[in-house]
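Okay, here's what each chain looks like letter by letter:
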Amino acid sequence: MREIFFTIFILLFVSGCSSKEESHMVKKELPSWYVNPPKDSKTTLYATGEGRERKEAIADALNLLASTLSVSVESQFTLQQSVKEGLVTSHQQSSQSRIDSVVDRVRISNYEIVESQEFGFKKYIVLIKSDKQKLFSSLKNELEQKFSAAQKELEFVKESHALRELEIYKKIKIEFADIQNTLMVMQALKSDFDSHSYLKKAQNITSLYDEQLSKISFSITCDDESKRLQAPIAEGLSLKKVQIEQNSNKREHFNIEVRSKTKESFAYGFIMASSAIEIVVKDVKKIIIGSNKLNITGQSIHSFDAAQESIAIKLDEMIRKEGIGKVLGLEL
């Protein structure tokens, strides 16, 4: 009996010590720089973060910094709407979700880790700061580098065919799609920043894609077995808003040649039409700039002609799903 009481006593003693240790760990105070971080000023933004590792804590702090910045952007955005309507906000809506999205797309790469500490088991805390002027300068430098790279691509692509030009213009248009977001953040960081010249320059560059697309035209030449395939190809081109012309000698004109061999077979009560389709795209100099080979099988319970018609239907479905460019074997 004494042994039982002694064992219980030891267990209670150890449990009590463990509770005291845990209580002591729980009561461990967070550093003042984390509990009461420095307030944002006219020149500097601050943010704290936590995570299971230092990298995660920094990412958390950057997210908080972005949300803080979004408040500044929202304030700047509202001011722009009421005072300078249409400068950068012509098609934007004043909503917090929109502002958060704007900031999320802008990479905050200019920051400094002020404090970093391991706090407890698998928990890190950090304090970061970002100088507004330095952040503004980094965004401006990135923007100017983007313009410089785009200009070099535009000079280089002049030696290529018209569709290659269109491909580069499309790439540049995508790269500059979020420029208004960057400009809004830059204006929030520096209220006297005039974004108009950057916006106009970007619009001039991105408009090249639409201008080039309006010049592009195609003609479609099919052999006898491919006549049914002309309509879905033409429809796919029209979805891309390119013109279909015949016998043009302009630099922006291209010819699509379609040839196919179709075999008839029977399976499970169906009439099968198996077609090997070859597509070649040539420029006005007869140089091949794109090609593709497709194997499509159609079927019908009525006739071989109906089975061939189903091949055209399947090609149409393929074009709508994958895009006319992929089917033709080129960027469009």
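**Digging into the overall build of the protein**
Helices and strands together make up the secondary structure of the protein, namely 11 helices and eight strands. In the protein, of all internal contacts separated by at least 6 residues, the share reaching a separation of at least 24 is 66%. By element, 52% of the accessible surface of the protein is carried by carbon and sulfur atoms, the whole surface being about 20,000 Å².

**Notes on the confidence of the model for the protein**
Low pLDDT marks regions whose predicted coordinates should not be analysed in detail. Within the protein, residue pLDDT values average 81, and 80% of them lie at 70 or more. The lowest-confidence element of the protein is helix α1 (residues 2–26), averaging 48 in pLDDT; the highest-confidence one is strand β4 (residues 217–222), averaging 94. Long-range and interchain partners of residues 18–26, a stretch whose pLDDT sits below 50, account for zero contacts in this model, where long-range means more than four residues apart. Overall, residues 79–96 carries pLDDT values under 50, and its contacts beyond four positions in sequence, including any with other chains, amount to 30 contacts.

**Focus: the packing of helix α7 (residues 179–189) against helix α8 (residues 196–215)**
Running from amino to carboxyl end, α7 crosses α8 at an angle of 175°, the nearest separation of the two axes being 11 Å. By the criterion of interaxial angle, the relationship of α7 to α8 is roughly antiparallel. Together, Ile179, Gln180 and Leu183 of α7 and Tyr198, Leu199 and Ala202 of α8 make up the contact between the two elements. When the residues that make up the contact of α7 with α8 are grouped by side-chain class, the tally is five nonpolar, one polar and no charged.

**Observations concerning the nonpolar core**
With 68 residues, the main nonpolar core has Leu163, Phe218, Ile233, Leu237, Ile256, Val258 and Leu328 as its most contacted residues. The element contributing the most residues to this core is helix α5 (residues 132–157), with eight residues. Of all hydrophobic cores here, the second largest spans five residues; its members include Trp33, Tyr34, Phe119 and Leu127.

**Remarks on the sheet that holds strand β3 (residues 124–131)**
Ordered by their spatial adjacency, three strands build an open sheet running β1-β3-β2, and the pairing between neighbours is antiparallel. Because the sheet does not close on itself, it has two edges, and the strands there are β1 (44–51) and β2 (112–118). With strand direction ignored, the average angle separating the axes of adjacent strands in the sheet is 15°. Contacting β1 and β3, α5 crosses the sheet at an angle of about 75° to β3.

**Things to note about the packing of aromatic side chains**
Within the structure shown, the criterion is met by six aromatic pairs. Aromatic side chains Phe147 and Phe176 sit 5.0 Å apart centroid to centroid with 45° between the ring planes, which places their arrangement in the tilted category. Taken together, the positions of Phe147 in helix α5 and Phe176 in the loop between α6 (162–175) and α7 put the pair 29 residues apart, joining distant regions of the chain. Given a relative accessible area of 4%, Phe147 falls into the buried group. With a relative accessible area of 2%, Phe176 lands in the buried category. An aromatic cluster of three or more residues is present, and its members are Phe136, Phe147, Phe176, Phe193 and Tyr198. A cation over an aromatic ring shows up here: Lys146 above the ring of Phe176, its NZ or CZ 5.7 Å from the ring centre. Above the plane of the ring of Phe147 lies Lys201, whose end atom (NZ or CZ) is 4.8 Å from the centre.

**Details of the packing of helix α9 (residues 230–239) against helix α10 (residues 304–322)**
Each pair of packed helices can be described by the angle between their axes along with the distance between the axes. Between α9 and α10, the least distance of the axes is 9 Å, while the angle of their chain directions is 20°. Comparing the axis directions of α9 and α10 gives the class roughly parallel. The way α9 lies across α10 gives a crossing that is right-handed. On α10, the residues touching Pro232, Ile233, Glu235, Gly236 and Leu239 of α9 are Ala312, Leu315, Asp316, Ile319 and Arg320. In terms of residue class, the contact of α9 with α10 is built from six nonpolar, one polar and three charged.

**Focus on empty space enclosed by the protein**
Within the structure shown, the criterion is met by two cavities of 30 Å³ or more. In this model, the largest cavity occupies a volume close to 80 Å³. The wall of the largest cavity is formed by Glu225, Arg228, Leu229, Ser260, Thr262, Ser275, Gln308, Ile311 and Ala312. Of all the elements in the fold, those that place two or more residues in the lining of the largest cavity are β6 (253–267) and α10. Sorting elements by how many residues they give to the lining of the largest cavity places α10 first, with three residues. Grouping the constituent residues of the lining of the largest cavity by class yields three nonpolar, four polar and two charged. Reported here for the second largest cavity is a volume of approximately 40 Å³. In terms of lining, the second largest cavity is formed by Leu166, Glu167, Lys170, Tyr209, Glu331 and Leu332. Of all the elements, α6 adds the most residues to the lining of the second largest cavity, at three residues.

Rules behind the numbers
- Residues numbered from 1 in each chain as written.
- Predicted model: local features only at pLDDT ≥ 70, side-chain atom pairs only at ≥ 80, totals over all residues.
- Heavy atoms only, no water.
- Helix = DSSP H or I, 4+ residues; strand = E, 2+ residues; numbered from the N terminus.
- Contact = heavy atoms within 4.5 Å.
- Areas by Shrake-Rupley, 256 points an atom, 1.4 Å probe, with all protein chains shown as cover.
- pLDDT = per-residue confidence, 0-100.
- Axes fitted to C-alpha atoms, helices over the stretch in contact; angles between N-to-C directions.
- Parallel < 35°, antiparallel > 145°, perpendicular 65-115°, else oblique.
- Nonpolar A, V, L, I, M, F, W, Y, C, P; charged D, E, K, R; others polar.
- Core = buried A, V, L, I, M, F, W, Y, C linked by side-chain atoms within 4.5 Å.
- Buried < 20%, exposed > 50% of the residue type's maximum accessible area, 1.4 Å probe, protein only.
- Pairing = 2+ DSSP bridges.
- Phe/Tyr/Trp six-rings, centres within 6.5 Å; stacked < 30°, edge-to-face > 60°.
- Lys NZ or Arg CZ within 6 Å of the ring centre and 35° of its normal.
- Left-handed = near helix turned anticlockwise from the far one by under 90°.
- 1 Å grid on protein atoms, 1.4 Å probe; cavity = no way out; pocket = protein on both sides within 12 Å on 5 of 7 lines; lining within 4 Å.
- Points joined across faces, edges and corners; volume = space filled by probe spheres on them.

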